[in-house]
Amino acid sequence: TEGSQTTRSIARISFAGGSSKLVWASEPVDESASDLEVALVGDTLFAGIDDQLFALDPASGTIRWKATLRDKLSPGCDSCFEGVRGRLVVRTTDAYVTAFGTRSSETLWERRLNSTSGSVSVVGDRLFVVDDPEDPSGLTPAWLTHAFRSAGHDATVHAVTVEPVGTGQMGSSFRLTLDVTEQ
């Protein structure tokens, strides 16, 4: 703030003892920007403000590239702006999950969740998506076997029974009964 002029920017501040020092401040960002999400992925500092995504050099604050997201960032979502295996994964309010690399604003992949209540979580270096299935008939023994094995379980699903449960007010819920053998 200078006088009555306020300029918003992304800044890196160093704290030592009881003092602080401005290391760098980015170019000005939209003056209405209020919510900021940040994630360090490799040698890139990502900053998300509303529907804007910035890739910055963490040492200098130089903006490497900028992109406009499909919609605004999901507020109050701890895992909706996270680094996973060298990529930034962003979940926006329109229920899209999008991955970006560090070198360009090009989308690496994108998926529309079936439900706006669908969520993403990051555990270690893995991304988990919880969403309503388009059609529970896709939960076949072959698909479930692959899912178990991808998660490190040596199991084979021989049969699956899918039964709807709940009222459907919060989304689709199904009870799965599996015929499984573990090796």
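Residues numbered from 1 in each chain as written. Predicted model: local features only at pLDDT ≥ 70, side-chain atom pairs only at ≥ 80, totals over all residues. Heavy atoms only, no water.

S.K.: Help me get a handle on the sheet that holds strand E4 (residues 44-49), residues and values and all.
M.R.: Either a parallel or an antiparallel arrangement is found when strands of a sheet pair, and the pairing is made through backbone hydrogen bonds. A sheet is described by the order of its strands in space; here 4 strands give the open sequence E3-E4-E5-E6, paired in antiparallel fashion. Single-partner strands in this sheet number two, and they are strand E3 (36-41) and strand E6 (63-68). Direction aside, the axes of adjacent strands within the sheet are offset by 15° on average. Pairing geometry for E4 and strand E5 (residues 52-56), over 5 bridges, is antiparallel. Bridge assignment links alanine 47 to a residue of E5, and that residue is phenylalanine 54. (Pairing = 2+ DSSP bridges. Helix = DSSP H or I, 4+ residues; strand = E, 2+ residues; numbered from the N terminus. Axes fitted to C-alpha atoms, helices over the stretch in contact; angles between N-to-C directions.)

S.K.: Explain the state of the cysteines to me, and be specific about the residues and the numbers.
M.R.: Where two cysteines share a covalent bond between their sulfur atoms, that bond is called a disulfide. Applying the stated criterion to the full structure yields 1 disulfide. Sulfur-sulfur distance for the disulfide between cysteine 77 and cysteine 80 comes to 1.8 Å. When the S-S torsion is 70°, as for the bridge of cysteine 77 with cysteine 80, the disulfide is right-handed. Across this residue pair, the class does not change: cysteine 77 and cysteine 80 are buried. (Disulfide = S-S within 2.5 Å. Buried < 20%, exposed > 50% of the residue type's maximum accessible area, 1.4 Å probe, protein only.)

S.K.: Give a description of the pattern of salt bridges that names residues and reports values.
M.R.: Applying the stated criterion across every chain yields a total of 8 salt bridges. The partner of arginine 70 in a salt bridge is aspartate 94, with the nearest N and O atoms 3.8 Å apart. With arginine 70 in the loop between E6 and strand E7 (81-84) and aspartate 94 in the loop between strand E8 (87-91) and strand E9 (96-100), the pair connects residues that are 24 residues apart, well separated along the chain. The partly exposed category is assigned to arginine 70, whose relative accessible area is 48%. For the salt bridge of aspartate 125 with arginine 85, the shortest nitrogen-to-oxygen distance reads 3.5 Å. (Salt bridge = Lys/Arg side-chain N within 4 Å of Asp/Glu carboxyl O.)

S.K.: I'd like to hear about unusual backbone geometry, residue by residue, with values.
M.R.: Although it is not a glycine, aspartate 50 adopts a positive phi angle of roughly 55°. Here aspartate 50 shows up in the loop between E4 and E5. Judged by relative accessible area, aspartate 50 falls into the partly exposed class, the value being 24%. Although it is not a glycine, arginine 85 sits at a positive phi angle of roughly 50°. Note that arginine 85 resides in the loop between E7 and E8. According to the relative accessible area criterion, arginine 85 is exposed, its value standing at 52%.

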